[in-house]
Amino acid sequence: MKTIVQTPEPVLRKIAKLVDLSAISSDFIQGLLEDMRDAIAREDDAVAIAAPQLGESLRIFVVGKRVNKKF
């Protein structure tokens, strides 16, 4: 389980790298996506998370299920 990084972690200030479409099915990216889904589920007020928030400088984000719920 990866922890969400906070400021002043340098990865949060870097320009994240593009992810080639062919890499999406790789074990690394699939594992990262799973870690991102888990991180959102652990937080009470999370709506979305980006890969840099888990320490990976990649242009990937995941939107949680709570964003679709009516308040």
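Being a predicted model, the structure only gives us computed values, none of them experimental.

Engineer: Lay out the nonpolar core with the relevant residues and their values.
Structural biologist: Membership of the largest hydrophobic core comes to 13 residues, with the highest contact counts inside it found for L32, M36, I49 and I60. Broken down by element, this core gets its largest block of residues, six residues, from helix α1 (residues 27-42).

Engineer: How would you explain the environment of G64 if you had to name every residue and give the values?
Structural biologist: By secondary structure assignment, the location of G64 is in the segment after β2 (61-63). Under the relative-accessibility criterion, G64 is labelled buried at 11%. Separated by 15 residues in the primary sequence, G64 and I49 have C-alpha atoms spaced 8.1 Å apart. Those residues in contact with G64 that lie beyond four places of it in its chain are I40, V47 and A48.

Cut-offs and rules
Residues numbered from 1 in each chain as written. Predicted model: local features only at pLDDT ≥ 70, side-chain atom pairs only at ≥ 80, totals over all residues. Heavy atoms only, no water. Core = buried A, V, L, I, M, F, W, Y, C linked by side-chain atoms within 4.5 Å. Buried < 20%, exposed > 50% of the residue type's maximum accessible area, 1.4 Å probe, protein only. Helix = DSSP H or I, 4+ residues; strand = E, 2+ residues; numbered from the N terminus. Contact = heavy atoms within 4.5 Å.

Scope: geometric values only; no functional claims are made or implied.
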